[in-house]
Amino acid sequence: PLTSPKQMFAAAYAGGYAIGAFNVNNMEIIQGIMGAAAAEKSPVILQVSAGARQYAGQGYIMKLVEAALQDDPSIPVVVHLDHGPSFEMCRDCIDGGFTSVMIDGSHLPYEENIALTKQVADYAHPRGVWVEAELGKLAGIEEHVASAEHVYTDPDQAVDFVRRTGCDSLAVAIGTSHGAYKFKGEARLDFDRLETISQKLPGYPLVLHGASSVPQEFVALCNKYGGQVGGAKGVPEDMLRKAAGMGVCKINVDTDIRLALTASIRQFLAEHPEQFDPRAYLKPARQAVQDMVAHKIRNVMGSSGKA
Ligand code: G3H
Ligand code: 13P
Ligand code: ZN
Ligand code: NA
């Protein structure tokens, strides 16, 4: 059923695992993710960015999710707004049946981030909707060192922010970044910082954005069949498992879905140049998403069998 993240995160926190939050843009991606969650008997978060909402339409996404839930009512599913840019978009999603929204004021001055996040929480909470917020800026180690500013989440500020906004979960910046090019050299995350934040906010669910692993097999397939995805590097799976045991209850994945889907389509079209029926290449692409997500649920999130 469509659910709040509340029970999911409480169980994940206590059990030292995480719930995968996967970005959705169309039917094949939703079906691939839901197929994996059903096969693994895992709770799952389907998240919709502002761009996805604009691409597919909020109504279409909700109807697709409803159809998926009818197919398999036993899987707990959260529908979440990813990186909500404004109060108005959060309100539209809350009114449209989302069970969770993120308000992303991380680019704003601290007090403005607090005011905006609190405004969303005050609207969401009476309606039973969960609110994720973000403090700090997602950036790799190099960018952090280059700047004197607090790019990474400051632990004491995190405590103050949560208390003053009433947000239900917090995305932290500890060295991950969005997209396929996360690290120039060796992958590194600031686990000392994560541990401090987690200790200062006991029992409180943290969120890790920019958590794709950028599997090199997908990169290689893309490049073999005409792609140009050079030097791509993600977060190693063991680092994600470690984070999941340190208060991180939600791990965000978008890039790996894009890579799995595109690698499959590139390969299929290259090997079957006579084919032009979209179903012919979207069927294996959907399966590639499902296989990738099932692997992640089982081996990275640790949420198999928790539905
Ligand atoms: O955090 C960003 C997500 O990967 C969504 O990306 O805004 O291109 O849909 P998007
Ligand atoms: P990736 O780009 O690492 O998949 O991160 C996705 C994300 O954080 C969506 O909010
Ligand atoms: Zn993100
Ligand atoms: Na966890």
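This section reports on the structure supplied with the text.

Parameters at a glance
- Residues numbered from 1 in each chain as written.
- Chains lettered and ligands numbered in written order.
- Predicted model: local features only at pLDDT ≥ 70, side-chain atom pairs only at ≥ 80, totals over all residues.
- Heavy atoms only, no water.
- Near = heavy atom within 4 Å.
- Polar contact = N/O pair within 3.5 Å; in protein donor to acceptor, adjacent residues only side chain to side chain.
- Areas by Shrake-Rupley, 256 points an atom, 1.4 Å probe, with all protein chains shown as cover.
- Nonpolar A, V, L, I, M, F, W, Y, C, P; charged D, E, K, R; others polar.
- Donors = N, O, S within 2.8 Å, 3.2 Å for Na, K, Ca; no water.
- Helix = DSSP H or I, 4+ residues; strand = E, 2+ residues; numbered from the N terminus.
- Buried < 20%, exposed > 50% of the residue type's maximum accessible area, 1.4 Å probe, protein only.
- Salt bridge = Lys/Arg side-chain N within 4 Å of Asp/Glu carboxyl O.
- Arc of directions from axis to C-beta.
- Contact = heavy atoms within 4.5 Å.
- Pairing = 2+ DSSP bridges.
- Axes fitted to C-alpha atoms, helices over the stretch in contact; angles between N-to-C directions.
- Phe/Tyr/Trp six-rings, centres within 6.5 Å; stacked < 30°, edge-to-face > 60°.
- Right-handed = clockwise from strand over helix to strand, strands pointing away.

With respect to the site of ligand 1
Neighbouring ligand 1 are Asn23, Ser49, Asp82, His83, His178, Asp254 and Arg258. Arg258 places a side-chain nitrogen or oxygen 3.1 Å from an oxygen atom of ligand 1. Burial of ligand 1 by the protein amounts to 65% of the accessible area it has alone, namely 310 Å². Looking at the shell around ligand 1 residue by residue, the classes come out as no nonpolar, four polar and three charged.

Some details on the coordination of the zinc ion (ligand 3)
Coordination sphere of the zinc ion (ligand 3), protein contribution only: His83 (NE2), His178 (NE2) and His209 (ND1), at 2.0 to 2.1 Å. The motif formed by the donor residues of the zinc ion (ligand 3), counted along the single chain, is H-x94-H-x30-H. Taken as a pair, His178 in the loop between strand 6 (169-172) and helix 9 (191-200) and His209 in the loop between strand 7 (206-208) and helix 10 (216-224) lie far apart in primary sequence, 31 residues in all.

Some remarks on the coordination of the sodium ion (ligand 4)
The coordination sphere of the sodium ion (ligand 4), as far as protein atoms go, consists of Tyr17 (O), Ala244 (O) and Val248 (O), spread over 2.3 to 2.5 Å. Read from N- to C-terminus, the donor residues coordinating the sodium ion (ligand 4) fall into the pattern Y-x226-A-x3-V. Separated by 227 residues along the polypeptide, Tyr17 in the loop between helix 1 (5-15) and strand 1 (19-23) and Ala244 in helix 11 (residues 237-244) bring together distant segments of the chain. For Tyr17, a relative accessible area of 8% gives the class buried.

Comments concerning the pattern of salt bridges
Inspection of the entire model under this criterion finds 13 salt bridges. With a shortest N-O distance of 2.8 Å, Glu132 and Lys250 are connected by a salt bridge. Of the two residues, Glu132 is situated in strand 5 (residues 130-135) and Lys250 in strand 8 (residues 248-253); the sequence distance between them amounts to 118 residues. The two residues Glu132 and Lys250 agree in class, both being buried. A salt bridge links Lys296 to Asp256, with the shortest nitrogen-to-oxygen separation between them at 2.7 Å. One end of the pair, Lys296, is in helix 13 (residues 278-301); the other, Asp256, is in helix 12 (residues 255-271), and 40 residues separate them in sequence. Classification of Lys296 by relative accessible area gives buried; the value is 2%.

Describing the site of ligand 2
Near ligand 2 you find 15 residues, and of these Asp82, Lys182, Ser212, Asp254 and Thr255 are the closest. Within the contact set of ligand 2, an oxygen atom lies 2.7 Å away from a side-chain nitrogen or oxygen of Asp82. Within the backbone of Gly210, an N or O atom sits 2.8 Å from an oxygen atom of ligand 2. Burial of ligand 2 by the protein chains amounts to 96% of its free accessible area of 310 Å². Of the residues in the shell around ligand 2, the class split is two nonpolar, 10 polar and three charged.

Considering helix 11
Within helix 11, the full set of buried residues consists of Met239, Leu240, Ala243 and Ala244. Down the axis, helix 11 shows its buried residues gathered within 140° of arc, on one side only. For helix 11, the elements touching its buried residues are helix 9, strand 7, strand 8 and helix 13.

Section: unusual backbone geometry
Not every positive phi belongs to a glycine, and Lys41 is a case in point at roughly 50°. Secondary-structure assignment places Lys41 in the loop between helix 2 (27-40) and strand 2 (44-49). One non-glycine residue, His83, lies in the positive phi region at around 55°. Structurally, the position occupied by His83 is in strand 3 (residues 77-84).

A look at the sheet that holds strand 3
In any sheet, the strands associate via hydrogen bonds between backbone groups, in a parallel or an antiparallel arrangement. Strands sit in the order 1-2-3-4-5-6-7-8 around a closed barrel of eight strands; the barrel is parallel. Between one strand axis and the next, the sheet turns by 25° as a mean value, whatever way the strands run. Here strand 1 pairs with strand 8 via four bridges, running parallel. Opposite Gly20, over in strand 8, you have Ile251 as the bridge partner. On top of the sheet, helix 1 reaches strand 1, strand 2, strand 3, strand 4 (100-103), strand 5, strand 6 and strand 8; it is set at about 110° to strand 8, its chief contact.

Some details on the packing of aromatic side chains
Inspection of every chain in the model, using the stated rule, returns three aromatic pairs. Consider the rings of Phe9 and Trp130, whose centres lie 5.5 Å apart with planes at 80°: the pair is edge-to-face. Placement of the pair is Phe9 in helix 1 and Trp130 in strand 5, with a sequence separation of 121 residues. Each member of the pair, Phe9 as well as Trp130, is classed as buried.

Description of the pairing of strand 1
Most of strand 1 is tucked away, with five of its five residues classed as buried. With three bridges connecting them, strand 1 and strand 2 associate as parallel partners. Its bridge partner being in strand 2, Phe22 is matched across the sheet by Leu46. With helix 2 bridging strand 1 and its parallel neighbour strand 2, the resulting β-α-β unit is right-handed.

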